[in-house]
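Here are the chains, one letter per residue:
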Amino acid sequence: YAKLAGATEPLEPRELVEDALRMNTAALARHEVAVLRQFEPSGLVLAERGKVLQILVNLIRNAKYACDESTSGRKEIALRIRAGGPGRVVIEVADTGAGIAPEHLERLFTHGFTTKKDGHGFGLHSSANAAKSMNGSLTAHSDGNGTGATFTLELPAAARPKAPPSSD
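Here the structure is a predicted model, which means the values were calculated and not measured. (Residues numbered from 1 in each chain as written. Predicted model: local features only at pLDDT ≥ 70, side-chain atom pairs only at ≥ 80, totals over all residues. Heavy atoms only, no water.)

Colleague: I would appreciate a short explanation of the overall build of the protein chain in the present structure.
Modeller: A count of helical and extended segments in the protein chain gives four helices and seven strands. From first element to last, N terminus to C terminus, the protein chain shows the α and β order β-α-β-β-α-β-β-α-α-β-β. Its C-alpha atoms give the protein chain a radius of gyration of 17 Å, within 12% of the compact-globule value 15 Å for 168 residues. The dimensions of the protein chain, computed from C-alpha atoms along their principal axes, are 65 × 30 × 30 Å. By residue count, 40% of the 168 residues in the protein chain fall in the buried class. (Helix = DSSP H or I, 4+ residues; strand = E, 2+ residues; numbered from the N terminus. Rg over C-alpha atoms; globule rule 2.2 N^0.38 Å. Buried < 20%, exposed > 50% of the residue type's maximum accessible area, 1.4 Å probe, protein only.)

Here you go:
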């Protein structure tokens, strides 16, 4: 998966999500987490493959941990792809896990902030920075403890190729 750093290219979001899932396959199976795919047509993203994979692998891993802490007994991660606003593509990682306390939501992407016993607080911070460096964004939503969480990665859509002039 190593490529030239800093090189943005048109990428298929489905392939990125599937690659990130493959990197987490063993852990998801071991923790008995069900994965739901909800992929809508979205077009390509203009991004750096390595950075997007870093973000998605981190989000999927965090969702798996959140599911382990869930009290509902449901362990599901939904991966969604859809067209966003004009010129944007959205990739969401939603879980049925422990949720995020309201007082933690605003600090979630702060360097060093963690709610995990063995966490270091770099994953979400570096993921948000990576998204920003590609003219994207990373946000989180949760209705509170016990309600799961949704992380939304928004990236620029790749420009559609111009149709060649007709020869009539």
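Colleague: When you look at the nonpolar core in this model, what are you seeing that I'm missing?
Modeller: Side chains that are nonpolar tend, in soluble globular proteins, to be buried together. Val17, Val52, Leu56, Ile77, Leu79, Phe151 and Leu153 are the most contacted members of the largest nonpolar core, which totals 38 residues. Of all the elements in the fold, those that place two or more residues in this core are helix 1 (13–30), strand 3 (45–47), helix 2 (49–68), strand 4 (76–83), strand 5 (88–95), helix 4 (123–133) and strand 7 (149–156). Element by element, the count of residues in this core is highest for helix 2, at nine residues. Not counting the four nearest positions on each side in its chain, Ile77 is found in contact with Leu28, Val33, Ala34, Val35, Leu36, Ile60, Ala63, Lys64, Cys67, Val93, Ala94 and Asp95. (Core = buried A, V, L, I, M, F, W, Y, C linked by side-chain atoms within 4.5 Å. Contact = heavy atoms within 4.5 Å.)

Colleague: Could you clarify how one ought to interpret the side chain of Ser127 in this entry?
Modeller: Looking at the element boundaries, Ser127 is found in helix 4. Judged by relative accessible area, Ser127 falls into the buried class, the value being 1%. Setting aside residues no more than four positions away along its own chain, Ser127 makes contact with Gln54, Ile55, Asn58 and Leu138.

Colleague: Help me understand helix 4, please; the structure alone is not making it clear to me.
Modeller: Given 3.6 residues per helical turn, the α-helix brings residues three or four places apart onto the same face. Within helix 4 the residues assigned to the buried category are Gly123, Leu124, Ser127, Ala128, Ala130 and Ala131. All buried residues of helix 4 fall inside an arc of 160 degrees around its axis, so they share one side. Contacts from the buried residues of helix 4 go to helix 2, strand 6 (137–141) and strand 7. (Arc of directions from axis to C-beta.)

Colleague: I would appreciate a short explanation of the pairing of strand 5 in the present structure.
Modeller: Strand residues, when the strand is regular, have side chains that alternate between the two faces of the sheet. Buried residues dominate strand 5, accounting for seven of its eight residues. As defined by bridge partners, strand 4 adjoins strand 5 across seven bridges and the pair is classed as antiparallel. Across the sheet, residue Arg82 finds its bridge partner in strand 5, namely Val90. Hairpin geometry of strand 4 and strand 5 is characterised by an intervening segment of four residues between the two adjacent antiparallel strands and by a positive phi of about 70 degrees at Gly87. Strand direction decides the pairing type here: strand 5 and strand 7, joined by eight bridges, are antiparallel. Counted as the bridge partner of Ile91 is Leu153 from strand 7. (Pairing = 2+ DSSP bridges.)

Colleague: Is there a simple way to explain the pattern of salt bridges in this structure?
Modeller: Proximity of charged atoms lets side chains of opposite charge pair with each other. Tallying each qualifying case throughout the model produces eight salt bridges. A salt bridge links Arg82 to Glu92, with the nearest nitrogen and oxygen atoms 3.2 Å apart. Highlighted residues: Arg82 in strand 4 and Glu92 in strand 5, separated in sequence by ten residues. Relative accessible area serves as the criterion here: at 30%, Arg82 is assigned to the partly exposed category. (Salt bridge = Lys/Arg side-chain N within 4 Å of Asp/Glu carboxyl O.)

Colleague: Before we go on, may I ask you to explain the side chain of Ser142 in this structure?
Modeller: Locating Ser142 in the fold gives a position in the loop between strand 6 and strand 7. In terms of polar contacts, Ser142 uses its side chain to reach the backbone amide nitrogen of Ile100, at 2.9 Å. At a separation of 3.2 Å, a polar atom in the side chain of Ser142 contacts the main-chain amide nitrogen of Gly144. Setting aside residues no more than four positions away along its own chain, Ser142 makes contact with Gly99, Ile100, Leu105, Thr147, Gly148 and Ala149. (Polar contact = N/O pair within 3.5 Å; in protein donor to acceptor, adjacent residues only side chain to side chain.)

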